[in-house]
Amino acid sequence: FDVKDAYTEDQLSTMAEMGDYSFIAPREKAMDSMHRIELSSSQYKEVKLGKKISSEAFASLEDGMRVAAFHDGELTAVMYRDNDIMRIERMLAVD
């Protein structure tokens, strides 16, 4: 995020009163600086249930590295590698 993109409280109030919520950035944008991984359907099903998954498919990641986990282009979780597993740090609301 950049300060040049910031709004004052008055600007936010005025925009919201007009029904303009364009100041709300998509959650994917908040993760732009993080490494991105794509989960397979089977991995996604496990993560969606709050389960750890094997890190075998993500062997190039450093231990402890936090990543934005996507499935079908949608951000689903923030995860990190812990030896041979990928742990969920934050799960995001998904269908």
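A few points on the structure. (Residues numbered from 1 in each chain as written. Predicted model: local features only at pLDDT ≥ 70, side-chain atom pairs only at ≥ 80, totals over all residues. Heavy atoms only, no water.)

With that settled, consider the nonpolar core. Core analysis: the largest hydrophobic core is formed by 12 residues, namely Ile37, Leu39, Tyr44, Val47, Ile53, Phe58, Leu61, Val67, Ala69, Ala77, Met79 and Met86. Once residues lying within four places of it in the same chain are set aside, the contact partners of Val67 are Met34, His35, Ile37, Leu61, Ala77, Val78, Met79 and Met86. (Core = buried A, V, L, I, M, F, W, Y, C linked by side-chain atoms within 4.5 Å. Buried < 20%, exposed > 50% of the residue type's maximum accessible area, 1.4 Å probe, protein only. Contact = heavy atoms within 4.5 Å.)

The next thing to look at is the environment of Gly19. By secondary structure assignment, the location of Gly19 is in the loop between α1 (9-17) and α2 (27-30). By relative accessible area, which is 47% here, Gly19 ends up partly exposed. Between the C-alpha atom of Gly19 and that of Glu46, which follows or precedes it by 27 residues, the distance is 38 Å. (Helix = DSSP H or I, 4+ residues; strand = E, 2+ residues; numbered from the N terminus.)

Under the criterion given, the structure shown has four salt bridges. Glu38 is the salt-bridge partner of Arg36, the closest N and O atoms lying 3.7 Å from each other. (Salt bridge = Lys/Arg side-chain N within 4 Å of Asp/Glu carboxyl O.)

This paragraph deals with the packing of aromatic side chains. Where two aromatic rings form a pair, the distance of their centres and the angle of their planes describe that pair. Tallying each qualifying case throughout the model produces two aromatic pairs. Seen in terms of ring centroids, Tyr7 and Phe23 are 6.3 Å apart; in terms of plane orientation they differ by 70°. Their pairing is edge-to-face. Residue Tyr7 is found in the segment before α1, and its partner Phe23 is found in the loop between α1 and α2; the two are separated by 16 residues along the sequence. Residue class for Tyr7 comes out partly exposed when judged on its relative accessible area of 37%. Each ring, one from Tyr21 and one from Phe23, has its centre 6.0 Å from the other, and the planes form 55°; the classification is tilted. Assessed through its relative accessible area of 46%, Tyr21 is described here as partly exposed. Linked through ring pairs, Tyr7, Tyr21 and Phe23 together constitute an aromatic cluster. Here the basic side chain of Arg36 rests over the ring of Phe70, its NZ or CZ set 3.6 Å away from the ring centre. The side chain of Arg66 reaches across the aromatic face of Tyr80, ending 4.7 Å from its centre. (Phe/Tyr/Trp six-rings, centres within 6.5 Å; stacked < 30°, edge-to-face > 60°. Lys NZ or Arg CZ within 6 Å of the ring centre and 35° of its normal.)

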